[in-house]
Amino acid sequence: MSDSMPAYGLWTLVAINSAIFVIFSGFWLLAAAWNVLYAAQRSENLAVTGPYARIRHPQYAAFILIMTGFVLQWPTLPTLLMFPVLVVMYFRLARVLTTSRHLGRARGAMRGAE
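Residues numbered from 1 in each chain as written. Predicted model: local features only at pLDDT ≥ 70, side-chain atom pairs only at ≥ 80, totals over all residues. Heavy atoms only, no water.

What follows concerns the environment of Leu 37. Checked against the element boundaries, Leu 37 lands in helix α1 (residues 10–42). Expressed as a C-alpha distance, the spacing of Leu 37 and Gly 50, which sit 13 residues apart in the sequence, is 9.4 Å. Among all residues touching Leu 37, those that are not within four sequence positions of it are Ala 47, Tyr 52 and Gln 59. (Helix = DSSP H or I, 4+ residues; strand = E, 2+ residues; numbered from the N terminus. Contact = heavy atoms within 4.5 Å.)

Right under this line is the structure:
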């Protein structure tokens, strides 16, 4: 039995580094979206700048990126089973929050506060 570190192949190093990149990208997107959303809420406006200019729900996208990185980094049975469930739930929640009725109420409330 050898006491030396195991020799990882190139594929393992690429997978680990890719997972770390995806996780940090998700945290970066989450932080960027949070700052924009916080500023918009304080000024009683809709968030339409930063990540919100390109993605309707950047926080949900960030959560999915973070979960994807964790699944790539540590694919256990619970994470592999829960990942698709959480992704479907985030998509369903995003669809509910983007109905025209909900957005119309939010825009109307913002206009009424002016």
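There's more to say after this.
For the rest of this paragraph, the subject is unusual backbone geometry. The backbone phi angle of Glu 44 is positive, close to 55°, even though this residue is not glycine. When you line up the elements, Glu 44 lands in the loop between α1 and α2 (58–73). For Glu 44, a relative accessible area of 45% gives the class partly exposed. (Buried < 20%, exposed > 50% of the residue type's maximum accessible area, 1.4 Å probe, protein only.)

Okay, the packing of α2 against helix α3 (residues 77–97) next. Taken N-terminus to C-terminus, the directions of α2 and α3 make an angle of 170°; their axes are 10 Å apart at the nearest point. One finds that α2 runs roughly antiparallel with respect to α3. Across the interface between the two elements, Tyr 60, Phe 63, Ile 64, Met 67, Thr 68 and Val 71 of α2 pack against Thr 79, Leu 80, Phe 83, Leu 86, Val 87, Tyr 90, Phe 91, Leu 93, Ala 94 and Leu 97 of α3. Classifying every residue of the contact of α2 with α3 gives 14 nonpolar, two polar and no charged. (Axes fitted to C-alpha atoms, helices over the stretch in contact; angles between N-to-C directions. Parallel < 35°, antiparallel > 145°, perpendicular 65-115°, else oblique. Nonpolar A, V, L, I, M, F, W, Y, C, P; charged D, E, K, R; others polar.)

A separate point is a nonpolar patch on the surface. On the surface, a cluster of nonpolar side chains totalling about 420 Å² of accessible area is made up of Met 82, Val 85, Leu 86, Val 88 and Met 89. As for its position among the elements, Val 85 is in helix α3. (Patch = residues over 30% accessible without salt bridge, like charges linked within 9 Å, V, L, I, M, F, W, Y side chains within 5 Å. Areas by Shrake-Rupley, 256 points an atom, 1.4 Å probe, with all protein chains shown as cover. Salt bridge = Lys/Arg side-chain N within 4 Å of Asp/Glu carboxyl O.)

With 21 residues, α3 should reach 30 Å at 1.5 Å per residue; the first-to-last C-alpha distance of 31 Å fits that figure. The axis of α3 is deflected most strongly, by about 25°, at Phe 83, and proline Pro 84 appears within four residues downstream. (Expected span 1.5 Å × (residues − 1). Bend = angle between axes of the 7 residues up to and from the residue.)

It is worth spelling out α1 at this point. With 33 residues, α1 extends 48 Å between its outermost C-alpha atoms, agreeing within 8% with the 48 Å of an ideal straight helix rising 1.5 Å per residue. Among the residues of α1, Ala 19, Val 22, Ile 23, Gly 26, Leu 29, Leu 30, Ala 33, Val 36 and Ala 40 are the ones counted as buried. Packing partners of the buried residues in α1 comprise α2. Phi for Glu 44, located one or two positions after α1, is positive at around 55°.

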